[in-house]
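Working through the structure, step by step
What follows is each chain in one-letter form.
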Amino acid sequence: MSRPLRFGVWAPVHGSRAARHDPDEPHDASWARNRALVRDAERLGYDSVLVAQHTVNPYDETRDQLEAWTATAALAALTTRIELIAAIKPGLYHPVVLAKMALQIEQISAGRFGLNLVNAWNRAEFERAGLPFPAHDARYAYGREWIALVERLLRGERVTFEGQHFRVEDYQLRPAGTFRDRPTLYVGGESEPARALVADHGDVWFINGQPLDAVTHLIADLERRPAARGRLRYGLSAFVIARETDAAAHAEFARLLDLSRRDEALRAETRARTDAASVMFAKTDAAAAHHVGTNGGTAAGLVGSYDTVARRIRTFHAAGIELFMLQFQPFEAEMARFAAQVFSRVRG
């Protein structure tokens, strides 16, 4: 691969990414923790941070949830190098309002901002607020019209538009185009509507954690499709457990897996609120008994000695993955361990 290898972290916007009964991992989704963790990630040499968007905690409604866009704007002012990616669910914001917010964060960050377009899966988040939650493919059709309008506004075009969902007349946003033509657009989702959307509008496709052969198959499918902005780039979500030896890493994996089994009641509640057509949950829920972490978690296989994990990362990179968006537990300590032990093994 000619593209550079990059590492990012998932911000702990709802606390733990794996076992919720781990005494070493605080139930802390506060702004103070997220601010400190992201600044540490920048200092350690991480390239990106992904701030997932939820209005309420999607796994345990009794616990805190960080608000993605206000937090990302604040992080933009507190950092100097790290890329800031905020997730967005189109059904929550009108395109004009969201595009203006995005352009403001682009200005605050001096061109370090990215949007992660996602198709909402948590029905309760919308329905309890009286917001529409159409069927899976209808949400993607809405998102396609939404992002087509947002893209033009992000470029600073003067826009007149009338579609099935939106009507905009003679609208133009400024400032725009100060650092590049528009912020980077990351697209998640693995269904056919999601793949078509990323080919037509995306810069980077986020793939949920899964084995190498499955990732290779997904990339091959997208590579066969004409991409509107040139060749796509690819990111992979992964939960990492790296230790001095394979045995030590697998012992820690067994500990987290055992703890995560105590969360089955919470997972059942989450399943009850989840759109059954969500490809991510169809895959990850079936594998939950064997993996820890969200968005595929340890299914990517980054569990083992430092050398083993580095070797698997290089293999994924050779297959086309440019950005590894990583989860850890306990987050701060393991994030530092990975930077100290694995960065040099893959970047040297």
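What counts and how
- Within each chain, residues carry numbers counting from 1 in the order of the written sequence.
- Only residues with pLDDT of at least 70 get local features here, since the model is predicted, and only at 80 or more are side-chain atom pairs given and counted; chain-wide, interface and lining totals rely on the full set of residues.
- Derived side-chain values reflect all non-hydrogen atoms in the structure, with water molecules and hydrogen atoms excluded from consideration.
- For Phe, Tyr and Trp, where Trp contributes only its six-membered ring, two rings pair if their centres lie within 6.5 Å, and the inter-plane angle classes them as stacked under 30 degrees, edge-to-face over 60, or tilted in between.
- The buried label applies to any residue whose accessible area, calculated with a 1.4 Å probe on protein chains only, is under 20% of its type's maximum; exposed applies above 50%, and partly exposed to all values in between.
- The numbering of helices and of strands both runs from the N terminus, where a helix is a DSSP run of H or I of at least 4 residues and a strand a run of E of at least 2.
- A side-chain nitrogen of Lys or Arg and a carboxyl oxygen of Asp or Glu constitute a salt bridge if their distance falls within 4 Å.
- When DSSP finds at least two bridges between two strands, those strands are taken to pair.
- An axis is simply a line fitted to the C-alpha atoms; with a helix, the fit covers only the stretch in contact. Between two such axes, the angle follows the N-to-C directions and lies from 0 to 180 degrees.
- Contacts are residue-level and defined by heavy atoms, with any inter-residue pair within 4.5 Å sufficient.
- For this classification, under 35 degrees means roughly parallel, over 145 means roughly antiparallel, 65 to 115 means roughly perpendicular, and everything else is oblique.
- For any pair of crossing helices, the crossing counts as left-handed if the nearer helix is rotated counterclockwise from the farther one by less than a right angle, and right-handed if it is rotated clockwise.
- Just so you know the grouping, Ala, Val, Leu, Ile, Met, Phe, Trp, Tyr, Cys and Pro go in nonpolar, Asp, Glu, Lys and Arg go in charged, and all remaining residues, Gly too, go in polar.
- Nonpolar cores are built from buried Ala, Val, Leu, Ile, Met, Phe, Trp, Tyr and Cys residues. Side-chain atoms within 4.5 Å join them into one set.
- N or O atoms closer than or at 3.5 Å make up a polar contact, with two conditions inside protein: a donor-capable atom paired with an acceptor-capable one, and, for residues adjacent in sequence, both atoms drawn from side chains.

**Looking at the packing of aromatic side chains**
In the structure shown here, the tally under the stated rule is 14 aromatic pairs. Between Phe-126 and Phe-133, the aromatic rings sit 5.5 Å apart at their centres with planes inclined by 50°, giving tilted as the arrangement. The buried category is assigned to Phe-126, whose relative accessible area is 3%. A residue is classified by how much of its surface remains accessible, and Phe-133, at 14% relative accessible area, is buried. Seen from their ring centres, Phe-338 and Phe-343 are 5.8 Å apart, and the 90° between their planes marks the pair as edge-to-face. On the accessibility criterion, Phe-338 (1% relative accessible area) is buried. Ring-pair connections join several aromatic residues into one group, and the members of that group are Phe-7, Tyr-46, Phe-316, Phe-324, Phe-328, Phe-331, Phe-338 and Phe-343.

**Observations regarding the environment of Glu-162**
Structurally, the position occupied by Glu-162 is in strand 5 (residues 159-162). The exposed category is assigned to Glu-162, whose relative accessible area is 66%. Each C-alpha atom of the pair Glu-162 and Glu-145 lies 9.9 Å from the other, and the pair is 17 residues apart in sequence.

**Digging into the pattern of salt bridges**
Inspection of every chain in the model, using the stated rule, returns 32 salt bridges. For Arg-128, the salt bridge goes to Glu-61, with nearest N and O atoms at 2.6 Å. Separated by 67 residues along the polypeptide, Arg-128 in the loop between helix 4 (123-127) and helix 5 (136-154) and Glu-61 in the loop between strand 2 (48-51) and helix 2 (68-78) bring together distant segments of the chain. Judged by relative accessible area, which is 41%, Glu-61 ranks as partly exposed. The closest approach of N and O atoms between Arg-167 and Glu-169, which form a salt bridge, is 3.0 Å. The exposed category is assigned to Glu-169, whose relative accessible area is 52%.

**Re the sheet that holds strand 4 (residues 113-117)**
The strand order around the closed barrel built from eight strands is 1-2-3-4-7-8-9-12, with neighbouring strands paired in parallel fashion. Adjacent strand axes in the sheet meet at a mean angle of 25° when their direction is disregarded. Judged from the four bridges that link them, strand 2 and strand 3 (residues 83-88) form a sheet pairing that is parallel. The partner of Val-49 across the bridge, within strand 3, is Leu-84. Together, strand 3, strand 4 and strand 7 (184-188) form the strand contacts of helix 5, whose direction differs from that of strand 4 by roughly 165°. Across the sheet, helix 7 (residues 212-223) lies against strand 8 (204-207), strand 9 (233-239) and strand 12 (321-327), angled at about 155° from strand 8, the strand it touches most.

**A word on the packing of helix 6 (residues 192-201) against helix 7**
Pairs of packed helices are described in terms of their axes, by the angle between the two and the distance that separates them. Across the interface, helix 6 lies against helix 7 with an axial gap of 10 Å and an inter-helix angle of 55°. Our classification of the angle between helix 6 and helix 7 gives oblique. Between helix 6 and helix 7 lies a crossing of right-handed hand. Counting all contacts with helix 6, which are made through Arg-195, Val-198 and Ala-199, the residues of helix 7 involved are Leu-218, Asp-221 and Leu-222. Along the lines of polarity and charge, the residues of the contact of helix 6 with helix 7 split into four nonpolar, no polar and two charged.

**Things to note about unusual backbone geometry**
With an omega of 0°, the peptide bond between Arg-174 and Pro-175 qualifies as cis. The topology assignment puts Pro-175 in the loop between strand 6 (167-171) and strand 7. The backbone of Ala-110 shows a phi angle near 60°, a positive value even though the residue is not glycine. Mapped onto the secondary structure, Ala-110 falls in the loop between helix 3 (95-109) and strand 4.

**What to know about the nonpolar core**
Membership of the largest hydrophobic core comes to 88 residues, with the highest contact counts inside it found for Phe-7, Tyr-46, Trp-69, Ile-313 and Phe-338. Excluding residues within four positions of it along the chain, Phe-338 makes contact with Phe-7, Tyr-46, Val-240, Val-309, Ile-313, Leu-326, Phe-328 and Phe-343. Ala-18, Ala-249, Leu-259 and Val-303 belong to the second-largest nonpolar core, a separate cluster that totals 11 residues.

**Describing the side chain of His-136**
Its place among the elements puts His-136 in helix 5. Looking at His-136, the relative accessible area reads 10%, which means it is buried. Here Asp-137 takes part through its side chain, which lies 2.8 Å from a polar atom of the side chain of His-136.

**Remarks on the side chain of Arg-20**
Tracing the chain through its elements places Arg-20 in the loop between strand 1 (6-10) and helix 1 (31-44). A residue is classified by how much of its surface remains accessible, and Arg-20, at 14% relative accessible area, is buried. Separated by 3.3 Å, the side chain of Arg-20 and the backbone oxygen of Ala-18 make a polar contact. Contacts of Arg-20, omitting those with residues within four sequence positions, involve His-27, Tyr-59, Asp-263 and Leu-266.

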